[in-house]
Amino acid sequence: MAGEEVPLFCALLFGAAFKFGASYWIQRTRRKNLRCVGTISGLYIYPVKSCKGIFLDEAECSRRGLQHVSGVRDRHWMVTREDGHFITQRQYPAMALIVPSFHGNMLHLDAPGMDTLKVPIEIALVRSRVLTCKVWTQTIPAIDCGEEASAWFSTYIKVPDLRLVHAHTNLEKRPLDVKKGPKTMRVLPDDEVAFPDFSPYMLMSEASVQSLNAKLDQPVGIRNFRPNLVVTGCQQHEEDAWAWFIVGDNTEFRVVSPVDR
């Protein structure tokens, strides 16, 4: 038995070494062929799904999206009905007027005619507060943010029994919804996301929006599309053909799928 384990172990070791070597060679080859395709001109996070975004001068890139130095992450809060189904400004346009801001360890939310709602950025994982929520076809757990937040959103949006929930990092991870994207998308098994519709990041170029505006009677701003990364210096829709790109020296992004917005 011991004699059989040695060649098996050696085969596994060789396989791992070959995989590492192949990966290293691919990465090195790709980086040799790098060319500048544009410049990041805007960074945005949207702490509460479907509420107003915040322009950032800098941000940390995590697996689950952009993160501000305060610890606030992109789309890690969400408003749901009593049955757990999420709501957005598609149904309730007034959500676009809810303005988030950072104040120490608190996230502040302001809206016309409402007092400021203050929500802790770090929320303790208390199992009795875990709710079952739904984003499109996916069912996921989230932490309820309490009665004050519930009353605030219910009053402002004029829908009873709304809940504000948080995507706690220690709860079950939400994988990317392969049913929502096209068959050509490049999703890996360990990809995860909080409350965005599909992917942790959305990129858009200024040139693509300018091209769209040339065809419209009423121009739209790039914020209408709620991107996280805005790029300048590339051709219109050039970003649609990118399979991967690097920002700065080390931050590498894999393009999963085009966005239907």
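What counts, and at which threshold
- Residues numbered from 1 in each chain as written.
- Predicted model: local features only at pLDDT ≥ 70, side-chain atom pairs only at ≥ 80, totals over all residues.
- Heavy atoms only, no water.
- Buried < 20%, exposed > 50% of the residue type's maximum accessible area, 1.4 Å probe, protein only.
- Helix = DSSP H or I, 4+ residues; strand = E, 2+ residues; numbered from the N terminus.
- Contact = heavy atoms within 4.5 Å.
- Pairing = 2+ DSSP bridges.
- Axes fitted to C-alpha atoms, helices over the stretch in contact; angles between N-to-C directions.
- Phe/Tyr/Trp six-rings, centres within 6.5 Å; stacked < 30°, edge-to-face > 60°.
- pLDDT = per-residue confidence, 0-100.
- Salt bridge = Lys/Arg side-chain N within 4 Å of Asp/Glu carboxyl O.

1. Concerning helix H3 (residues 206-213)
- Listed as buried for H3 are Ala207, Ser208, Val209, Ser211 and Asn213.
- Contacts made by the buried residues of H3 are with strand E14 (203-205).

2. A look at the sheet that holds strand E8 (residues 117-120)
- Ordered in space as E6-E7-E8, the 3 strands form an open sheet in which the pairing is antiparallel. Each edge of the sheet is formed by a strand with only one pairing partner; in this case those strands are strand E6 (99-103) and E8. The mean inter-strand angle of the sheet, taken between neighbouring strand axes irrespective of direction, is 30 degrees.
- Across the sheet, helix H2 (residues 147-157) lies against strand E7 (106-110) and E8, angled at about 140 degrees from E8, the strand it touches most.

3. Observations concerning the environment of leucine 97
- Mapped onto the elements of the fold, leucine 97 is located in the loop between strand E5 (77-80) and E6.
- Put simply, leucine 97 and alanine 111 are 14 residues apart on the chain and 6.0 Å apart in space, counted from C-alpha to C-alpha.
- Among all residues touching leucine 97, those that are not within four sequence positions of it are Asp110, Ala111, Pro112 and Tyr156.

4. Some remarks on the environment of glycine 146
- Its location among the elements puts glycine 146 in the loop between strand E10 (138-144) and H2.
- Glycine 146 sits 18 residues away from leucine 164 along the chain, and the two C-alpha atoms are 7.5 Å apart.
- When residues no more than four places from it in sequence are discounted, the contact partners of glycine 146 are Arg129 and Arg163.

5. Things to note about the packing of aromatic side chains
- Overall, the coordinates contain 7 aromatic pairs when judged by the stated rule.
- Taken together, Tyr201, Trp242, Phe245 and Phe253 form an aromatic cluster joined through their ring pairs.

6. A few points about the confidence of the model for the protein chain
- Here the protein chain shows a mean pLDDT of 87. Residues at 70 or above account for 85%.
- Below pLDDT 50 for its whole length, residues 1-26 participates in 0 contacts with residues either more than four positions away or in separate chains.

7. Describing the pattern of salt bridges
- Going through the model one piece at a time under the given rule, you end up with 9 salt bridges.
- Here aspartate 144 makes a salt bridge to arginine 163, at a shortest N to O gap of 2.7 Å. Taken as a pair, aspartate 144 in strand E10 and arginine 163 in strand E11 (residues 163-166) lie far apart in primary sequence, 19 residues in all.
- Of the residues examined, arginine 163 reaches a relative accessible area of 16% and is grouped as buried.
- Close ionic contact of glutamate 147 with arginine 163 constitutes a salt bridge, the shortest N to O distance being 3.0 Å. Of the two residues, glutamate 147 is situated in helix H2 and arginine 163 in strand E11; the sequence distance between them amounts to 16 residues.
- A relative accessible area of 56% places glutamate 147 in the exposed class.
- Through salt bridges that share partners, Lys49, Arg90 and Asp197 make up one connected network.

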